[in-house]
Amino acid sequence: MTEDQNRERLLSLRNRQGASLFLRLRPCREGDEEGLIACIRDEYGDTYFKQDFYHPDFLRQKAREGVITFLVAETLEGRIAGMLILKRFFPRETMCEIASQIFRRQYRGYGLAMPFFEYGMDILLTGSYSAAFCLPVLFHDVTQRLLYRLGLRGTGIIMNVFNLETIQHSYDNGRNSKHSQGIQIRALSKRDTGTLYLPKEHREFCEKIYRKLGARFTVRGHNEEASDGGLPRDPAVSRLEYTFSERQQSLEIRIEAAGADLKDRLLRLRARYPLKGRLTANVFLNCSEPQALAAYDVLKEMGYFFTGLKPLCGEREYMVLHNPGETVYYFEDYVVTEEFAEILAYVENSRRNERTAGEAARYEKEKM
């Protein structure tokens, strides 16, 4: 028996009307590519945000490289009814992402989602990863609920990532014009974060997140640093990367180390990609370094606000911040679990408090 056959799992499912469905869960094999693409097209047409997934050669290449493990749910007649992927990010990050669970519509309603996630998690746990990671959509709560049952916990949100003018699917977006994602994490091999440098106003929230993940941590803030609170002269040059998607009107900035030039670098990025129309920006700020505190102040001054954490995914820990530009968003139109509703409420309340404090500061300045 081959290794893939050892990993197969047979399912017998029944829907509410009493119809039966027999499936085989197994790793993808060469030749399955068109079946995977058919699943994607059935739900998204040609609009799936991972546009490379429409190309069989790309799917084969990623599978051969071991970057992505494709899993399929196959009928006994040999038709692929659904797909799921496990994605690796080594060496940059050490977690494994659970993603792209997509079913053909005729096979929905049989309760396949949970056993498929369980199957994927069983395979994931055979690897050596710092954490299990997922970015569940916020226009339905199925993934959020099911992965919570598998031990993944909400840690934040990444706001306004995908342009809904370019994506079609079978769910309701409400009034939102861009699609946001949650962040869910289950700690695996990484249980000690070391020292975290977190702003005072979000310290309690962050400590609560790390405690529910079962992680050990030490927190330091502005008042516990020997520096004057400004950006360090060393490094003079920030270590900063960014990616921009024209299609999604989304800018992602990753700040590994903040130096004296951080504000100038961010201003140059803003000049190149002004946050007009649907263009929005998300920042992942390394909070494992002391300069994160001053960097947070710079970002806050530039209109970014805290939306949570991306923890345990590698050597470094990250705060997540967002700038919506001109995009109007409606938290109340998201479809989320109680856990994510609490995160959204926190983000909304802290954002409101920042606005109130900012307005008061401007008023006092105008009086002087």
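Conventions used here
- Residues numbered from 1 in each chain as written.
- Predicted model: local features only at pLDDT ≥ 70, side-chain atom pairs only at ≥ 80, totals over all residues.
- Heavy atoms only, no water.
- Phe/Tyr/Trp six-rings, centres within 6.5 Å; stacked < 30°, edge-to-face > 60°.
- Lys NZ or Arg CZ within 6 Å of the ring centre and 35° of its normal.
- Helix = DSSP H or I, 4+ residues; strand = E, 2+ residues; numbered from the N terminus.
- Expected span 1.5 Å × (residues − 1).
- Buried < 20%, exposed > 50% of the residue type's maximum accessible area, 1.4 Å probe, protein only.
- Contact = heavy atoms within 4.5 Å.
- 1 Å grid on protein atoms, 1.4 Å probe; cavity = no way out; pocket = protein on both sides within 12 Å on 5 of 7 lines; lining within 4 Å.
- Points joined across faces, edges and corners; volume = space filled by probe spheres on them.
- Nonpolar A, V, L, I, M, F, W, Y, C, P; charged D, E, K, R; others polar.
- Polar contact = N/O pair within 3.5 Å; in protein donor to acceptor, adjacent residues only side chain to side chain.

A. Just the packing of aromatic side chains, in detail. Considering all chains together, one arrives at 17 aromatic pairs under this definition. Seen in terms of ring centroids, Phe-53 and Phe-58 are 6.0 Å apart; in terms of plane orientation they differ by 40 degrees. Their pairing is tilted. These aromatic residues form a ring-pair network of at least three members: Tyr-44, Tyr-48, Phe-49, Phe-53, Phe-58, Phe-70 and Phe-162. Above the ring of Phe-284, the side-chain terminus of Lys-310 is found at 5.5 Å from the ring centroid.

B. Representation of helix α2 (residues 33-44) in the model. Taking 1.5 Å of rise per residue, 12 residues should cover 16 Å, and α2 covers 16 Å from first to last C-alpha, within 8% of that figure. Those residues of α2 that sit buried are Glu-33, Gly-35, Leu-36, Ile-37, Cys-39, Ile-40, Glu-43 and Tyr-44. Residues of α2 that are buried sit in contact with α3 (56-65), β3 (68-75), β4 (80-88) and β5 (96-103).

C. Geometry of empty space enclosed by the protein. Overall, the coordinates contain 2 cavities of 30 Å³ or more when judged by the stated rule. Computed from the structure, the largest cavity encloses a volume of approximately 80 Å³. Around the largest cavity, the lining residues are Leu-138, Phe-139, Leu-164, Asp-172, Asn-173, Asn-176, Lys-178, His-179, Ser-180, Asp-333 and Tyr-334. Considering only residue class, the lining of the largest cavity consists of 4 nonpolar, 4 polar and 3 charged. Counted as a void, the second largest cavity has a volume near 40 Å³. Around the second largest cavity, the lining residues are Leu-251, Ile-253, Leu-266, Leu-269, Arg-270, Tyr-273, Leu-275 and Tyr-304.

D. Focus on the side chain of Arg-26. Along the chain, Arg-26 falls in strand β2 (residues 20-27). There is a polar contact of 2.8 Å between the side chain of Arg-26 and the side chain of Asp-32. Side-chain polar atoms of Arg-26 contact the side chain of Glu-74, separated by 3.1 Å. With residues near it in sequence (within four places) discarded, Arg-26 still touches Glu-8, Asp-32, Leu-71, Val-72, Glu-74 and Tyr-119.

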